[in-house]
Amino acid sequence: MQIPDYYEFLNQAKIISGKKAMEHIPFELRGYDAQKPLVVTSRALSESGLIKKFIGAFKDSAVTLGGIFNDVRDYAGIGLARDAAFLYRERGCDSIIAVGNGPEVDVAKAVNILVAEKTDDLFKYFEGTPLKRHLKPLIVVPACCSSGMEFTNTVTVDNRSLTSNFLYPDLAVLDPRMTPAKSRDCVAESTVIAMAHAVGAALTDIHSPMIEAYAHSALRYLGLHMTKGLKKPGHVETSLALHNAYALAALAFSNAPAGMVHLLAVELARATDISAGKFMRILLPYKMAHMMHKKMKIRDELFLALAGYDEYAATPAKDRSRAGVERVLALLAGLKGMMPETMKDLKVPKYKLGDIAKAASARSGKRYSEADCKTVLEHAWEGRAF
Amino acid sequence: MQEVIGTNNRMLEIDLTAKKFQVTEVDKKDRDLYLGGKGLGLKLLYDRMEPGLDPLGPDNMIAFTMGILMGTGAPCSGRFEAITKSPLTGAMVTGTCGGPFGMAVKTSGWDAIIVKGKCSAPTYLYIDSKGVQFKPAKGIWGKDTEAAQAALLKEGAGAIVIGPAGENLVKYANIASGHRFLGRGGIGAVMGSKNLKGIVARGNEFKIVPANKKKFAKANKRFFKFINKNPITSGSYRSFGTNANVNLSNASGILPVRNFTGGSHGEAHKISGETMAERFHTKYDTCKPCAILCGHRGTINGKEHHIPEYETIGLMGSNLEIFDPAQIVEWNELCSKYGMDTISTGGTLAWAMEATEKGLIKTNLKFGSPSGVSEMIRDIAYRKGMGNDLAEGSRAASKKYGGEDFAIHVKGLEMAAYDPRGCVGHGLSYATANRGACHLSSVLFSLEAYLGMASPYATRWKPFMVKFMENVLSAVNSLHICLFTAYAVFLEPPLIKLTPVPLIKQLNQNLSLVALNLMDVSLWPELWHAVLGKTYIPYLGMLKFIKAGERVHVLERYMNTREGISRKDDTLPRRFLTEGRKCDQKEHTVPLEKMLGKYYRLRGYDANGIPKKRTLKRLNIAIQ
Amino acid sequence: MNINNYPEIKAGKDFISKIYVAIMLWIVGRAIQAASRVDKEVKKEFAEFPADFMMCMSILPFGPHMVVGKDKNGKVKYMGWNPQGKKITLTMNIKSMAAAMQVFTFQESTTTAFAHDRFTVDGDIVQGLAVVRVLNIVEVYLLPKIITKLAVKRYPKWSEMSPLRKWVGRIIIYVRAFTF
Amino acid sequence: MAQMITVRIKFFSGIDKELKLENYDPSKGMSLSIPSGKRLKWALKHAGLTDFSSYAYFRSGERISTWSKLKQGDEVSCLKPSGGG
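We now turn to the structure provided with this report. (Residues numbered from 1 in each chain as written. Chains lettered and ligands numbered in written order. Predicted model: local features only at pLDDT ≥ 70, side-chain atom pairs only at ≥ 80, totals over all residues. Heavy atoms only, no water.)

## Quick word on the overall build of chain B
- A tally of regular secondary structure across chain B gives 28 helices and 19 strands.
- Taking 624 residues into account, the globule formula puts the C-alpha radius of gyration at 25 Å, and chain B, at 23 Å, falls close to it.
- A principal-axis box enclosing the C-alpha atoms of chain B has dimensions of 60 × 60 × 50 Å.
- With 624 residues in all, chain B has 69% of them scored as buried.
- The contacts of chain B with a sequence gap of at least 6 include a subset with a gap of at least 24, amounting to 70%.
- As displayed, chain B offers around 19,600 Å² of accessible surface, 58% of which is attributable to carbon and sulfur atoms. (Helix = DSSP H or I, 4+ residues; strand = E, 2+ residues; numbered from the N terminus. Rg over C-alpha atoms; globule rule 2.2 N^0.38 Å. Buried < 20%, exposed > 50% of the residue type's maximum accessible area, 1.4 Å probe, protein only. Contact = heavy atoms within 4.5 Å. Areas by Shrake-Rupley, 256 points an atom, 1.4 Å probe, with all protein chains shown as cover.)

The structure is reproduced here in structure tokens:
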């Protein structure tokens, strides 16, 4: 472990994980002296019966649910946030519970800003006015899959994102009744996103033991449980372990600068309406191959996390970084058949790669040069090795 | 004046980069399988273009096809087709236009023109029976469509030109020919990207004579009789033009109001065809030749203007909550001069107004007030300020600024002026139409909402009806003949004429398979076989004609899936899947998922919407 | 936006668990009172508590309660189920009805329940741990071995609690607990 | 005497000219008071229309036929059918 240079790390969220975790929400709400939460969830979840289980967890408690806003689909728009905020004010709620992943949590965070700051213009915070004080209590209950952004301090509404330390959820509840996934694709996508975030955090240039610790345990959980989770998406214990990995990866990712894989995947997803997870699965191997090609240092901890101590001790020191990369590729190979390997399979038109690279490198604040982004994209497009 | 019997199958392939052209022959098998017009154009591009290329790059090609009915005297046969890969949707787009250019090219002896490559400097093409001349367009580059058109028409009978919008690669720029337009999908931008200002054809060098004159005359006479008897083509269209639909859409609650939130509006009658006919004492101003005469011209505060079509009135009028016809005529004039598709412009402006209302973007556009609209149209055409983003279309603009849930488009093409929540079958047709949210893919809203021949909210037989109508209309677009003749051909044969409408509705509701197959659409194939001199077998000929339509539709779908289109794109804007219309207490939404799976099975697509190998083989489409 | 599409939802009631937990609390309360007379280890534990010791175990937020404490002359008594009007020195709350069910259906032993944060203790933690030890012993007496093995961290071997003492104690406690 | 209900009928596509209605306001239409339970056909005859079959009738967004019953406060639009496009 090197001597840590300057770093900052914040994890605002209290995490409750395990059997009957949701039943603790009323107690935690008493801690924030809130008794009437607004629940934001998606139409699919409320139809799948998970919301019935969620409501059952409030039996014999002093909590009345101010309303179940279940209009969120797969896009977080300002219209939805305004409707939910109107419901929040109408019912006089005092806290927000987001049940689900990605868009639901984004709408919940947007509602939190609207009601806490008592405003209707959300986008002035996106254009510079800072969030100054703590918002209303926000509880996140992930379900089935995860977009990796639930626990982070970023909110993405109408394709615009805002990062602020007041946007961390106050409480994250991982309950084995909610975590089992319905389909293998959804597990594949969530694990790939977590893997990309964790590897991105582990290999960042700034060295921080905190990020190291989170990324390490995220990778260890993924290494142990990913293959089983893909075979049996409904398996309760594995899905709970994987959800812990998603949480760890998200927290490591939100404290580290965004990796190139994440930036490119978000831009590609916006240009082609295909989910970002699929692009991360395609781009990750080529990003690492690109780093090896440019002789950038890949820390041995990657191999240590994925392989475990005895294998780590058995391999000679100079091969450990390459072995780490191979172990990641081996894990990704487990996704054969579930996710396309090259962008050609996804039929992404080649002429669009130019401006995607430009947008991604601009968003990374020039940490990644446009040329690097373009080369990784081109290699990923044709599936050509370095 | 030489004579052409039937069709001479001559084609011009123009390479703009090398400034060379080549005369080739239309393959007999293609003519038989794909008829002409839209079908032939798609097949020509299918053989020459490989997928994944940049629509605004030099490798993209435009195919102009004339169809075999043109010049023969058949009713409403003055329209030509253009096919290319659309910069707006990234998929194939086919458009039709009734301007004089088609007739001029056909009477110059050409059945189809294919343009590829890119000119180094702005040029325009001069076409006559001998071939093509490349002429510098420095003088007319930057001019609006009317001025450019006037300059080109000195050299030939018909011309197409692009306006400043096409030159600035506005994604929904259109092509003008006379006062008619090749509107949708941004074909003008493709010509702009090739530095091609326009094409003029000398015309009047050949006379087109049908091979079997006697049979052709008989069928033609029956066609004219049907058109002049049908209440729609001879009644409401001839007197009020397509704007006869404004009151009908308003009454049936499918008129787009305030970016498709409301279905009807109290003041809608102010912009209806009837009011405009009275106020502007309209005269005919149509494609030539036309038997229906639906286009109109009127004097508006002293000057002669073309009366806008229903789509323009819907999208730039009620959709922006503007109910002053003179104002809409002015905007329609602006869009025509700059060469921009009024449907996409109206849809994008409506999105911009709602985005401003919700704080996503800063513009002075507001629903109900015309302030700032003309300036914004100019900014879009010259890509200035916010106009530069709006010129990319409402999909790209909503991706950049957010508001995707109220960007009303499918696959990037802005939606036409019919709210699918009032005719759910047409909602399915919007989702599965090959070029995007197009109302002409299967004109189901007229069966469901206008004519009451199917119940608007039922979903049971709708996938079958959409497929049947898509096949027939694709075949009609491959003749080519104007789609409005469909009302005469469908509704006039004795079988349909005599059964009362409610009975047809019950039939369509429960036995749609039987009802639709009883439709006698033999008039079109009869004309086709008469012109080419082939023998027409009464019932089998019609089935072969409809199968050709299916082949054309599935080929276009197959070409689109190679560009990445799949089930994820066959959807509707979230507004139609989640919210009800303001004018509808029961708040109906479009139950798309219930119909899409069945539609794919009927079409022979797999679960992801890709045509199966078996289907392609059955329709003998060669797999590349 | 029609807010009646999103109705307010009151918290449901789960009567069966409530009654079951109330009965278990009553039995354990009475058993503690009986054990404090019969078992010398329990007597030793209670001896160290101050004179005004009054413990209340309840399920949040308004679940059943159990009050046990020393009365005027220092004897441990089960003070009924209503904490009002009594000066409580030690409160042990179980966070939710579901957590209580976990403990009282022996899916989690009391010590694992503590480790899983099911309890909150207001007052002197030493007394709290002593009460847990008392609970373990009482459970050994009350329940057959196969169940108690789940509930207790380590089932006492014969050397610590001879079978004679266990059976005699068990009979007396049952008699005392269920006779008023 | 049967209980009277008021119904409003709006005529479009030039029908009001054919019926030679004076100062007809298209946005408000023509209001009739007819006995309740009467069908649309009766009301149209009352308004002076003769041949019913060639027109389309709409009530609150849905197409109705000439023999459907009228209720209090109904607003029926009556116009010539058209195609679309």
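## Considering unusual backbone geometry
- For the bond from B:K288 to B:P289, the omega torsion is -10°, close enough to zero to count as cis.
- Among the secondary structure elements, B:P289 is positioned in the loop between β15 (283–284) and β16 (296–300).
- Here C:L60 and C:P61 are connected by a cis peptide whose omega angle stands at -15°.
- In this structure, C:P61 sits in the loop between β1 (54–59) and β2 (65–70).
- Unlike most non-glycine residues, B:C76 shows phi in positive territory, near 50°.
- Looking at the secondary structure, you find B:C76 in the loop between β4 (62–65) and β5 (80–85).
- Here B:E587, not a glycine, exhibits a phi torsion of approximately 50°, which is positive.
- Tracing the backbone shows B:E587 in the loop between α26 (574–578) and α27 (592–603).
- Judged by relative accessible area, B:E587 falls into the partly exposed class, the value being 48%.

## Observations regarding the interface of chain B and chain D
- If you look at the interface, chain B gives 30 residues, while chain D gives 18 residues.
- Between chain B and chain D, roughly 1,900 Å² of surface is buried when both sides are summed, and carbon and sulfur atoms account for 60% of that area.
- The largest share of the area that chain B buries against chain D comes from B:L248, B:A251 and B:H269, three residues that together contribute 26% of it.
- On the surface where chain B and chain D come into contact, there are 0 salt bridges.
- At the junction of chain B and chain D, the tally comes to 2 residue pairs in polar contact (both at pLDDT 80 or more).
- Breaking the side of chain B that touches chain D down by element, the ones donating at least two residues are α8 (231–240), α9 (244–251), α10 (273–280), α11 (310–316) and α18 (444–450) of chain B.
- Residue contributions to the side of chain B that touches chain D peak at 5 residues, all from α9(B). (Buried area = accessible area lost by both parts, 1.4 Å probe. Salt bridge = Lys/Arg side-chain N within 4 Å of Asp/Glu carboxyl O. Polar contact = N/O pair within 3.5 Å; in protein donor to acceptor, adjacent residues only side chain to side chain.)

## Some words on the packing of aromatic side chains
- Applying the stated rule across the entire model yields 28 aromatic pairs over all chains.
- Here the aromatic rings of B:Y418 and B:F445 are separated by 3.7 Å at their centres, their planes lie at 15°, and the arrangement is stacked. Of the two residues, B:Y418 sits in the loop between β19 (413–414) and α17 (424–432) while B:F445 sits in helix α18, which places them 27 residues apart along the sequence. With respect to class, B:Y418 is no different from B:F445; both count as buried.
- An aromatic cluster is present here, built from B:Y310, B:Y418, B:F445 and B:Y450 joined pairwise through their rings.
- Sitting over the ring of B:Y126, B:K135 keeps its end group 4.7 Å from the ring centre.
- The side chain of D:K38 reaches across the aromatic face of D:W42, ending 5.5 Å from its centre. (Phe/Tyr/Trp six-rings, centres within 6.5 Å; stacked < 30°, edge-to-face > 60°. Lys NZ or Arg CZ within 6 Å of the ring centre and 35° of its normal.)

## Topic: the pairing of strand β13 (residues 196–201) of chain B
All names here are of chain B.
- Counting buried residues in β13 gives 6 out of 6 residues, a clear majority hidden from the surface.
- Bridge analysis of strand β8 (residues 123–127) against β13 gives 5 bridges, and the strand direction is parallel. Residue pairing for β13: I127 is matched across the bridge by A201.
- Where strand β10 (residues 158–162) meets β13, 4 bridges bridge the pair, whose relative direction is antiparallel. Within the sheet, the bridge partner assigned to A159 lies in β13 and is V200. (Pairing = 2+ DSSP bridges.)

## Some points on the state of the cysteines
- Under the definition given, this model contains 1 disulfide over all chains.
- Disulfide pairing places A:C145 opposite A:C186 at an S-S distance of 2.3 Å. Residues A:C145 and A:C186 share a disulfide whose torsion about the S-S bond is about -105°; that sign makes it left-handed. Residue A:C145 is located in the loop between β5 (138–141) and β6 (154–157), and its partner A:C186 is located in helix α6 (residues 184–202); the two are separated by 41 residues in the primary sequence.
- For A:C145, a relative accessible area of 23% puts it in the partly exposed group.
- Given a relative accessible area of 11%, A:C186 falls into the buried group.
- Summary of cysteine pairing: B:C287 is not part of a disulfide, and the nearest cysteine sulfur, belonging to B:C290, is at 5.8 Å.
- For B:C287, a relative accessible area of 12% gives the class buried. (Disulfide = S-S within 2.5 Å.)

## Quick look at the sheet that holds β1(C)
Residue and element names in this part refer to chain C.
- Spatially, β3-β2-β1-β4-β5 is the arrangement adopted by the 5 strands of the open sheet, whose pairing is mixed. The sheet is open, and its two borders are formed by β3 (76–78) and β5 (119–122), each paired with just one other strand. Within this sheet the neighbouring strands show an average axis-to-axis angle of 15°, counted without direction.
- As paired elements, β2 and β3 share 3 bridges and run antiparallel to each other. In the strand pairing of β3, G69 is matched with K77.
- Helix α5 (residues 125–142) rests against β1, β4 (90–94) and β5 of the sheet, and its axis sits at about 65° to β4. (Axes fitted to C-alpha atoms, helices over the stretch in contact; angles between N-to-C directions.)

## Regarding the sheet that holds β16(B)
Residue and element names in this part refer to chain B.
- Taken in spatial order, the 3 strands make up an open sheet running β15-β16-β17, and their pairing is antiparallel. Both edges of this open sheet fall to β15 and β17 (303–306), since each of them pairs with a single strand only.
- In the sheet, β15 pairs with β16 via 2 bridges, with the strands oriented antiparallel. Residue pairing across strands places Y284 opposite H296, the latter belonging to β16.

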